[in-house]
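What follows is the residue order along each chain.
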Amino acid sequence: MNVHDVFREYLDALVAGDRAACQRIVEGLLDAGTDLKSIYVDLFQGSMYRIGELWERNVISVAVEHMATSITESLLPLVYGRLFGRPHVERSALIACVPSEFHQIGVHIIADFFELHGWHGHCLGANTPVDGLVAAVGDMGPDVVGLSASLAYNLPVLSDMLEAVATHHPGTAILLGGRALTFGQGEFSPAALEQRFPQATYVASIEALEAYIESPRWRNGT
Amino acid sequence: MGDHPLPGDEREIAAAVSACALMFDGSAYLSHRYGERGRQFCRSGGGFLIVTCRHVHAGFLEQVRWLVGLRAARGMPGWLLERHLVILHGCLRREIPAAGTRYDGLLTAATDLADRRRRHLAEDAFLAAASRFSARAPDCHPTLPEAGTLLAAALCDEAAGNEGAVRSLLDWLADPRRFPPEWIGAVHATAGELAAEISHECP
Ligand code: B12
């Protein structure tokens, strides 16, 4: 059984607000040993993107969109049984949404994805204050900090947060992600941000994140 | 989905509020159909436009085009956003005379939307749509002078790929509980006539 086979059924259940049916589908996929990456990207992310399109086209109401979000958030922990039992390396990542960014499912998934690759993945969730993040990086000392922005108008705060983390923690690697960056142009384009802050790397996809985690830099422990 | 961001500057908020007052006071359609809640959405939409224009620069047009789709699917054709952008720019200039070119992105976006609309219907035909409709429905609802223009605008939006633009306008404009049969007949006849003139090609 793969995600493709159950996607339609899952999306219909999500739109209908049928949490039990959604849960059954996810459990079925887990029991069948489905690749976790596919559950995250093709099922959770794919269905939430569809929910966004349906809302945009006024096919579903804002209430249905909220319900789908809360169902998705409640299902993420189902995967944990297969995540946390894995052997871990002593590496950690701290992922956060920039201030005034409330789209937090992506950052939870990214933190989980680090777990999947044997790292400790910590997530601070939505709307993280700049000072709070800078302090948390100091306290927790992660190898990597991940910043997320979904809305284009949050690109300036992403840039401010990046500057604060880079200034206070010049030795920490910083990853940038989220759909806002696909709109970034000029000073907020991923390339311009990477150039201004050489410790920052824009990660455009899960595949790029996998390649980053598996890169010699982290495998060889430099 | 939550609220759009508020601009940080009080004068920008004042401009967003007065732009919506002008939009709603100048449009019987907007005030009849969307009422007080619509005014609130209009204000938060104005906030979104100001913040995005001020901060996102080059990516602003893409955001405005997204907003066209979102609103068109809710019965607000892109032409209303064109007007909103121009009015908002005027209100900002009045509130913040020293702003210089800071908000000119709003006008650029309005021009972009108008250009896109004209790809599907020539400007003279678009401008004539209002009188075309009132010629068919002379005595009913003189309070909705923009009905023909809205039809033309929704047809352009639909031709540009914004699914549901016409249906969501007709849900209200051709609602038998709201309008007499002659009005509804005029709506459908005008829409049919205009649809025949719409170009679906994307140059
Ligand atoms: C759910 C949702 C909400 C929820 C979020 C709740 C929550 N708990 O997260 C709520 C209701 C709060 C919300 C609010 C709004 N939303 Co909303 N929302 C969505 C929706 C439908 C799904 C988001 C989601 O969970 N996606 C699934 C996750 C897994 O995907 P992701 O976030 O892209 O993350 C992946 C990658 O981007 C990447 N990634 C993300 N972050 C990072 C970070 C790092 C370091 C790395 C490496 C990778 C990475 O990896 C992730 C996993 O693959 C999207 C649609 C969409 N296309 O995303 C709209 C969407 C993003 N929202 C939108 C809008 C407009 C809004 C509002 C402005 C609406 C309004 N008028 O009030 C507000 C703004 C609130 C705010 N200030 O943040 C628009 C944005 C359009 C635009 N112009 O940019 C969208 C696209 C809907 C649409 N189709 O129009 N929303």
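Residues numbered from 1 in each chain as written. Chains lettered and ligands numbered in written order. Predicted model: local features only at pLDDT ≥ 70, side-chain atom pairs only at ≥ 80, totals over all residues. Heavy atoms only, no water.

**Thoughts on helix 9 (residues 181-197) of chain B**
All names here are of chain B.
- With 17 residues, helix 9 extends 25 Å between its outermost C-alpha atoms, agreeing within 8% with the 24 Å of an ideal straight helix rising 1.5 Å per residue.
- All of the buried residues along helix 9 are Trp183, Ile184, Ala186, Val187, Thr190, Ala191 and Leu194. The buried residues of helix 9 occupy an angular sector of 155° when the element is viewed end-on, so they sit on one face. Away from the buried face of helix 9 by more than 90 degrees, exposed residues Pro181, Glu182 and Ala196 are located. (Helix = DSSP H or I, 4+ residues; strand = E, 2+ residues; numbered from the N terminus. Expected span 1.5 Å × (residues − 1). Buried < 20%, exposed > 50% of the residue type's maximum accessible area, 1.4 Å probe, protein only. Arc of directions from axis to C-beta.)

**Observations concerning the interface of chain B and chain A**
- Contacts between the two partners involve 21 residues from chain B and, on the opposite side, 14 residues from chain A.
- Counting the contacts that link chain B with chain A gives 1 salt bridge.
- A salt bridge links Glu163(B) to Arg57(A); its shortest N-O distance comes to 3.2 Å.
- Where chain B touches chain A, the interface holds 4 residue pairs in polar contact (both at pLDDT 80 or more).
- Secondary-structure elements contributing two or more residues to the side of chain B that touches chain A are helix 2 (28-56) and helix 3 (60-72) of chain B.
- Looking at the side of chain B that touches chain A residue by residue, the classes come out as 9 nonpolar, 8 polar and 4 charged. (Contact = heavy atoms within 4.5 Å. Salt bridge = Lys/Arg side-chain N within 4 Å of Asp/Glu carboxyl O. Polar contact = N/O pair within 3.5 Å; in protein donor to acceptor, adjacent residues only side chain to side chain. Nonpolar A, V, L, I, M, F, W, Y, C, P; charged D, E, K, R; others polar.)

**Digging into the coordination of the cobalt atom of the ligand**
- A lone protein donor binds the cobalt atom of the ligand: His103(A) (NE2), at 2.2 Å.
- The residue His103(A) is located in the loop between strand 1 (92-97) and helix 6 (105-116) in this model. (Donors = N, O, S within 2.8 Å, 3.2 Å for Na, K, Ca; no water.)

**With respect to unusual backbone geometry**
All names here are of chain A.
- At Asn58, a residue that is not glycine, the phi angle is positive and equals roughly 65°.
- Note that Asn58 resides in the loop between helix 3 (36-56) and helix 4 (62-75).
- What makes Asn58 partly exposed here is its relative accessible area of 36%.
- The phi angle at Ser100 is positive, at roughly 65°, despite the residue not being glycine.
- In this structure, Ser100 sits in the loop between strand 1 and helix 6.

**A few points about the domain arrangement of chain B**
Residues and elements named next belong to chain B.
- For chain B, the domain assignment lists domain 1 (10-118) and domain 2 (123-196).
- Placing the centre of domain 1 and that of domain 2 at their C-alpha centroids yields a distance of 23 Å.
- Overall, the association of domain 1 and domain 2 removes approximately 1,500 Å² of surface from exposure, summing both partners, and the carbon and sulfur fraction of that is 65%.
- Here domain 1 and domain 2 share 2 salt bridges between them.
- The shortest N-O distance in the salt bridge between Arg118 and Glu123 comes to 2.9 Å.
- Viewed at the interface, domain 2 and domain 1 are joined by 8 residue pairs in polar contact (both at pLDDT 80 or more).
- When residues of the side of domain 1 that touches domain 2 are traced back to their parent elements, those giving at least two are helix 2, helix 3, helix 4 (78-95) and helix 5 (104-118).
- Here the side of domain 1 that touches domain 2 takes 4 residues from helix 2, the largest share from any one element.
- In terms of residue class, the side of domain 1 that touches domain 2 is made up of 8 nonpolar, 5 polar and 4 charged. (Domains from an automatic or database assignment. Buried area = accessible area lost by both parts, 1.4 Å probe.)

**Notes on the side chain of Ser159(A)**
All names here are of chain A.
- Considering the arrangement of structural elements, one finds Ser159 in helix 8 (residues 155-168).
- The class of Ser159 is buried, set by a relative accessible area of 5%.
- Sequence-distant contacts of Ser159, defined by excluding residues within four places in its chain, comprise Phe188, Leu193, Arg196 and Phe197.

**Side note on the pairing of strand 1 of chain A**
Residues and elements named next belong to chain A.
- Summarising burial for strand 1: 6 of the 6 residues are buried, a large majority.
- The alternating pattern of strand 1 places Ser92, Leu94 and Ala96 and Ala93, Ile95 and Cys97 on opposite faces, both of which are buried.
- Pairing analysis gives 5 bridges linking strand 1 to strand 2 (residues 120-125), with the strands arranged parallel. Of the residues in strand 2, the one forming a bridge with Leu94 is His122.
- Following the backbone out of strand 1, through helix 6 and into the adjacent parallel strand 2, one traces a crossover that is right-handed.
- Pairing geometry for strand 1 and strand 3 (residues 144-148), over 5 bridges, is parallel. Paired with Ala93 across the two strands is Val144, which belongs to strand 3. (Pairing = 2+ DSSP bridges. Right-handed = clockwise from strand over helix to strand, strands pointing away.)

**Focus: the state of the cysteines**
Residue and element names in this part refer to chain B.
- A full pass over the atoms with the stated rule returns 1 disulfide over all chains.
- Covalently, Cys20 is tied to Cys42 through a disulfide, its sulfur atoms 2.1 Å apart. In this structure, the disulfide formed by Cys20 and Cys42 twists by about -90° around the S-S bond and is classed as left-handed. Taken as a pair, Cys20 in helix 1 (residues 10-25) and Cys42 in helix 2 lie far apart in primary sequence, 22 residues in all. Comparing Cys20 with Cys42, the two get one shared label, buried. (Disulfide = S-S within 2.5 Å.)

**A few points about the sheet that holds strand 3 of chain A**
Residues and elements named next belong to chain A.
- Read across the sheet, 5 strands follow the order 2-1-3-4-5 without closing on themselves; strand pairing throughout is parallel. Looking at the sheet topology across the chains shown, the edges are occupied by strand 2 and strand 5 (200-202). On average, each strand axis in the sheet is tilted by 20° relative to the strand beside it, whichever way the strands run.
- Packed onto the sheet, helix 7 (residues 130-140) meets strand 1, strand 2 and strand 3 and runs at close to 170° relative to strand 1.
- Contacting strand 1, strand 3, strand 4 (173-177) and strand 5, helix 8 runs over the sheet at an angle of about 170° to strand 4. (Axes fitted to C-alpha atoms, helices over the stretch in contact; angles between N-to-C directions.)

**Regarding the packing of aromatic side chains**
All names here are of chain B.
- Summed over the entire model, instances satisfying the criterion amount to 12 aromatic pairs over all chains.
- Both rings, one in Phe179 and one in Trp183, keep their centres 4.7 Å apart while their planes meet at 15°; by these two values the pair is stacked. With respect to burial, Phe179 and Trp183 carry one shared label: buried.
- Among the aromatic residues, those joined into a cluster by ring pairs are Tyr29, Tyr34, Phe133, Trp172, Phe179 and Trp183. (Phe/Tyr/Trp six-rings, centres within 6.5 Å; stacked < 30°, edge-to-face > 60°.)

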